[in-house]
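Topology and contacts: notes
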Amino acid sequence: MITNAVDVTQELAAFLRTRRERLDPQDFGLPSRRQARRTPGLRREEVAELAGVSVDYIVRLEQARGLRPSAEVVEALSRALRLAPDERAYLFGLARQRPRNGDKLATTAAPSLVRLVADLSPLPAMLMNHRYDILAWNGEMARLLLDFDALPPSQRNAMWLCLMHPEIREFYVDRERVVREGVAHLRAAWAAHPEDQALTDLIAECITRDEEFARLWDERDVKVNGRGRKVMRHPDVGVIAVHFETLTPVQDPDQLLVIHRAADEESQSALDELCAQ
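Described in the following lines is the structure provided in the data block. (Residues numbered from 1 in each chain as written. Predicted model: local features only at pLDDT ≥ 70, side-chain atom pairs only at ≥ 80, totals over all residues. Heavy atoms only, no water.)

Section: the overall build of the protein chain
Inclusion rule: Going along the chain from the N terminus, every DSSP run of H or I of four or more residues is numbered as a helix, and every run of E of two or more is numbered as a strand. Each radius of gyration reported is based on C-alpha atoms, and the globular scaling rule is 2.2 Å times the count of residues to the power 0.38. Burial classification: accessible surface area is computed with a 1.4 Å probe over protein chains only, and a residue below 20% of its type maximum counts as buried, one above 50% as exposed, and the rest as partly exposed. For this analysis, residues touch if any pair of their heavy atoms sits within 4.5 Å. With residues, only the protein chains shown are counted as cover, and all accessible areas are computed by Shrake-Rupley using a 1.4 Å probe. Only four residue types enter the charge count, namely Lys and Arg as positive and Asp and Glu as negative; His and the chain termini do not. Each charge is placed at NZ for Lys, CZ for Arg, CG for Asp and CD for Glu.
Along the backbone of the protein chain there are 13 helices and 5 strands. The C-alpha radius of gyration of the protein chain comes to 25 Å, more than 25% above the 19 Å expected for a compact globule of 277 residues. For the protein chain, the C-alpha atoms occupy an extent of roughly 80 × 40 × 40 Å along the three principal directions. A total of 277 residues make up the protein chain; the buried ones form 45% of that total. Expressed as a percentage of contacts within the protein chain between residues at least 6 apart in sequence, the contacts between residues at least 24 apart total 53%. Counting every atom, the protein chain has about 15400 Å² of accessible surface; 50% of that belongs to carbon and sulfur. Charged side chains in the protein chain number 38 positive and 44 negative. The centres of these two groups are separated by 10 Å.

Here's what the structure looks like:
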């Protein structure tokens, strides 16, 4: 029975022991040992060898002797123990470290999320990653904003479009606020993903090509805005005000599902007219 708050040192020790003991040595191609194994799983010295740390270090971790492993050591232990993604995140949390996700950045949408975006019709919806790359969208979103299929993939980025695309530059009534909020989100994403070269390149291009972006970037505002209101000047149906809500899939935490709905009756009528075209 759990009656107290978690003792992270003890829990880290217990978690490492249980993960080590559940592993089958034969799965690692380890050489046979003359001495019979008295406990299941890998030996501490085998985990130490796989992780590239000393046996004493593994012993001290498993005995809860106050060590706080670095992010590099946690990553090495995760690989050595063949942890699943959720287990890896749990180990990083116990070690009070932040995982590096450079090899797991979302550049495509999972098929189930693509279907979900389509199923959200008639609500305009799209799926983006942390750098605002647009990964999936439904027909209503394309009619509201832009025909994304007609764009090269390199331009399917919400911030790039807002700054660089001739139609979208004047699309938002309160453009400065929209850009400011986008810049604040990108700064937060940049700090969370310092290894993401594509994000760094996007920010550098925006700073170079857009004075407003450069000015706002230098202000260092940081904010992840998950809901709000935007007013748009649509060339076919006039002004449309929408509320938007941003959701994060549990299995894909670096992706953003953005759902729009009309903010008033006039905007709903405009959306209905737009989607009927």
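After that view, the rundown keeps rolling.
What about helix α3 (residues 55-62)?
Among the residues of α3, those classed as buried are Tyr-57, Ile-58, Val-59, Leu-61 and Glu-62. The inward-facing, buried residues of α3 abut α1 (8-21), α2 (44-51) and α4 (71-80). A positive phi of about 55 degrees marks Ala-64, the residue just after α3.

Remember that the coordinates give geometry; whether it matters functionally is a separate question.
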